[in-house]
Amino acid sequence: MKTYTAADANPAALRDKLTVIYGYGSQGRAHARNLHESGFKVLVAARPDGASFKQAQADGLAVDTPENAIPKADLIALLTPDMVQAELYEKVVAPLARPGVALLFAHGFNVHFGEITPRTDLDVFLVAPKGPGALVRSQYEEGRGVPSLFAIHQDATGKARELALAYADGIGGTRGGVIETTFAEETETDLFGEQAVLCGGATELVVMGFETLVEAGYQPEIAYYECLHELKLIVDLLYEGGITRMHQFISETAQYGDLTRGPRVVDEHTRQQMRAVLREIQDGQFAREWIAEHKAGRGRYQELKQRDLDHQIESVGARLRANMSWLQDSAKKKAA
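Here we summarise the structure given alongside this text. For clarity, every value in this text was computed on a predicted model and none was experimentally measured.

## Topic: helix H5 (residues 82–96)
Over its 15 residues, H5 extends 20 Å from the first C-alpha to the last, a length consistent with the 21 Å expected when each residue adds 1.5 Å. At Tyr89, H5 is bent by approximately 50 degrees, the largest bend along its length. Along H5, the positions that sit buried rather than exposed are Met83, Gln85, Ala86, Leu88, Tyr89, Val92, Val93 and Ala94. On the buried face of H5, the contacting elements are strand S2 (18–22), helix H4 (66–69), strand S5 (75–78), strand S6 (102–105), helix H6 (109–112) and helix H16 (285–295).

Right under this line is the structure:
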């Protein structure tokens, strides 16, 4: 596996071209600001009456409507939410993009599952930082970079790879290392990680642990500290140095409990369920389900989300976090 660095990138391939950022959310804002400060020509596409238009102006970036910006673009970074990308591509990007320009994504969902079929004259690739936009921005400001993935879906001009690496370099990705993948691999592993481990798996484990302690008669506040609050301590150790570092910094009692009880909680049944989740991603079942849910008005999605928001762990946590001043300081820093 090759890890691409700044030495492999040719920023000049893109620096004098116009990059249009369409979607000024977490990733879009970070990409636009980093590219701009790397000396790239950046134009943000946004509705004049929207918050994104005003935010981009406040950030010192050039802004125009999508209808005016897209025809000028040499590279279009389509960074809007997954569920609106297909419509925006069909209504705005496909009819207005000039022949032979580049189309970039930060996630392969719509292309991989066939919701977007790009024009054959376009270079189509993705550059996906492995971290949220706030981290992409903060690491860039500190002279570092978040590791990223890139993939080529369509190389119409023969320059797609060069443009992808130039873009990755412009947002700081080559500072952290860039790995080549495919749209299928990026999409399927990203969805699996979110569903089985990072979001779905982790939150269900936390909530179930909290409920188990509360049902046994322990104070909800204590259960919150033990099952949610202290999770950050372990995740930070894993993030910094893997399982090895975690074992270096937890007690031998915790290690023994980990080694003997952990496999009883997350067991072979869990592995089988993970495999089933992965199959549903690979065969498109999850994508079809989520697209249908979105088109139907998101009723079930809102109901399930509200159930999470109404859980006792949230009200307990809100009270306890109100006394953690460092959290408010961190939130203010991320919003800047």
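## What about the packing of helix H11 (residues 200–215) against helix H18 (residues 312–321)?
Running from N to C, H11 and H18 point in directions that differ by 90 degrees, and their axes come no closer than 10 Å. Comparing their axes, H18 and H11 come out roughly perpendicular. Here Val206, Val207, Phe210 and Val214 of H11 lie close against H18, whose contacting residues are Gln312, Ile313 and Val316. In terms of residue class, the contact of H11 with H18 is made up of six nonpolar, one polar and no charged.

## A word on the environment of Pro147
Within the secondary structure, Pro147 sits in the loop between helix H7 (133–141) and strand S8 (148–154). Sequence separation between Pro147 and Gly176 is 29 residues, and the spatial gap between their C-alpha atoms is 4.3 Å. Setting aside its immediate chain neighbours within four residues, Pro147 contacts Ala128, Pro129, Lys130, Gly173, Gly176 and Gly177.

## Quick word on unusual backbone geometry
Of note, Arg298 is a non-glycine position whose phi angle comes to about 65 degrees, a positive value. Position of Arg298 among the secondary structure elements: in the loop between H16 and helix H17 (299–309).

## Considerations on a nonpolar patch on the surface
A cluster of nonpolar side chains, contributed by Leu205, Val265 and Val266, occupies part of the molecular surface with about 270 Å² of accessible area. You can see Val265 is positioned in helix H14 (residues 252–265).

## Some thoughts on the side chain of His107
With respect to the helices and strands, the residue His107 is situated in the loop between S6 and H6. With a relative accessible area of 13%, His107 lands in the buried category. Among the polar contacts listed, one links the side chain of His107 to the side chain of Glu186, at a separation of 3.1 Å. Setting aside its immediate chain neighbours within four residues, His107 contacts Asp82, Leu126, Glu186, Thr187, Asp190 and Leu191.

## Overview of the sheet that holds strand S1 (residues 3–4)
Strands sit in the order S1-S9-S8-S7-S6-S5-S2-S3-S4 across an open sheet of nine strands; the sheet is mixed. Every interior strand has two partners, whereas the edge strands, S1 and strand S4 (62–64), have only one. In the sheet, strand S7 (residues 123–129) pairs with S8 via six bridges, with the strands oriented antiparallel. Note on S8: the bridge partner recorded for Val127 is Phe150.

## Structural notes on empty space enclosed by the protein
The tally for this structure, following the rule as stated, stands at one cavity of 30 Å³ or more. One number sums up the size of the largest cavity: a volume of about 30 Å³. Pro129, Val136, Gly145, Val146, Ser148, Ile171, Gly172 and Gly173 are the residues that line the largest cavity. For the lining of the largest cavity, the class distribution of residues is four nonpolar, four polar and no charged.

## Thoughts on the state of the cysteines
By definition, a disulfide links two cysteine residues through a covalent bond between their sulfur atoms. According to the stated counting rule, one finds zero disulfides in the structure shown. The structure places no disulfide on Cys199, whose sulfur is separated from the nearest cysteine sulfur, that of Cys227, by 19 Å.

## Overview of the pairing of S6
Taking every second residue as pointing to the same face, both faces of S6 are buried, with Ala102 and Leu104 on one and Leu103 and Phe105 on the other. Sheet analysis places S5 next to S6, joined by three bridges and oriented parallel. Residue Ile76 lies in a different strand from S6, and its bridge partner there is Leu103. With H5 bridging S5 and the parallel S6, this β-α-β connection has right-handed handedness. Relative to S7, S6 runs parallel, the two being bridged by four bridges. When the bridges of S7 are listed, Ala102 appears paired with Asp123.

## Side note on a negative patch on the surface
Taken together, the side chains of Glu204, Glu211, Glu215, Asp308 and Glu314 define an acidic patch exposed on the protein surface. Top contributing element to the negative patch by residue count: H11, with three residues. For Glu314, the location among the structural elements is in helix H18. Classification of Glu314 by relative accessible area gives partly exposed; the value is 31%.

## Examining the environment of Asn110
In this structure, Asn110 sits in helix H6. In this structure Asn110 comes out as buried when scored by relative accessible area, which is 3%. It is 8.4 Å that separates the C-alpha atoms of Asn110 and Met83, two residues lying 27 residues apart in sequence. Apart from the residues lying within four places of it in its own chain, the contact partners of Asn110 are Asp82, Gln85, Ala86, Glu115 and Ile116.

Parameters at a glance
Position numbers for residues count from 1 along each chain, tracking the sequence in the order it is written. pLDDT decides what is reported in this predicted model: residues at 70 or higher carry local features, side-chain atom pairs at 80 or more are listed and counted, and totals for whole chains, interfaces and linings draw on all residues regardless. The basis for the side-chain values is all heavy atoms of the structure; hydrogens and waters are excluded. Secondary structure elements follow DSSP: runs of H or I no shorter than four residues count as helices, runs of E no shorter than two count as strands, and numbering proceeds from the N terminus. One fewer than the residue count of a helix, multiplied by 1.5 Å, yields its expected span. Bending is quantified residue by residue as the angle between axes fitted to the seven-residue window ending at that residue and the seven-residue window starting at it. Burial classification: accessible surface area is computed with a 1.4 Å probe over protein chains only, and a residue below 20% of its type maximum counts as buried, one above 50% as exposed, and the rest as partly exposed. By definition in these notes, contact holds between two residues if any of their heavy atoms fall within 4.5 Å. To obtain an axis, a line is fitted to C-alpha atoms, over the contacting stretch when the element is a helix, and the angle between two such axes runs from 0 to 180 degrees between their N-to-C directions. Geometric relationships in this document are graded by angle, where less than 35 degrees denotes roughly parallel, more than 145 denotes roughly antiparallel, 65 to 115 denotes roughly perpendicular, and other angles denote oblique. Residues are sorted three ways: Asp, Glu, Lys and Arg are charged, Ala, Val, Leu, Ile, Met, Phe, Trp, Tyr, Cys and Pro are nonpolar, and all the rest, Gly among them, are polar. Patches here are clusters of residues that have more than 30% relative accessible area and form no salt bridge, with a 9 Å joining cutoff for like charges and a 5 Å cutoff for nonpolar side chains (Val, Leu, Ile, Met, Phe, Trp, Tyr). Accessible surface area values rest on a Shrake-Rupley calculation with a 1.4 Å probe, where residue burial reflects the displayed protein chains alone. Salt bridges are defined by distance alone: a side-chain nitrogen of Lys or Arg within 4 Å of a carboxyl oxygen of Asp or Glu. Polar contacts, as used here, are pairs of N or O atoms within 3.5 Å; protein pairs need one atom able to donate a hydrogen and one able to accept it. Residues neighboring in sequence count only if both atoms are side-chain atoms. Strands qualify as paired when DSSP identifies two bridges or more between them. Cavities and pockets are found on a 1 Å grid laid over the protein atoms alone: a cavity is a set of points where a 1.4 Å probe fits but cannot escape, a pocket is an open set with protein on both sides within 12 Å along at least five of seven lines, and a lining residue has an atom within 4 Å of such a point. Grid points are joined across faces, edges and corners, and a volume is the space filled by probe spheres set on the points. Two cysteine sulfur atoms form a disulfide, by the criterion used here, when they sit within 2.5 Å. Clockwise travel from the first strand over the helix to the second, with the strands pointing away from the viewer, marks a crossover as right-handed. We count Lys and Arg on the positive side and Asp and Glu on the negative side, and we leave His and both chain ends out. To locate a charge, take atom NZ for lysine, CZ for arginine, CG for aspartate or CD for glutamate.

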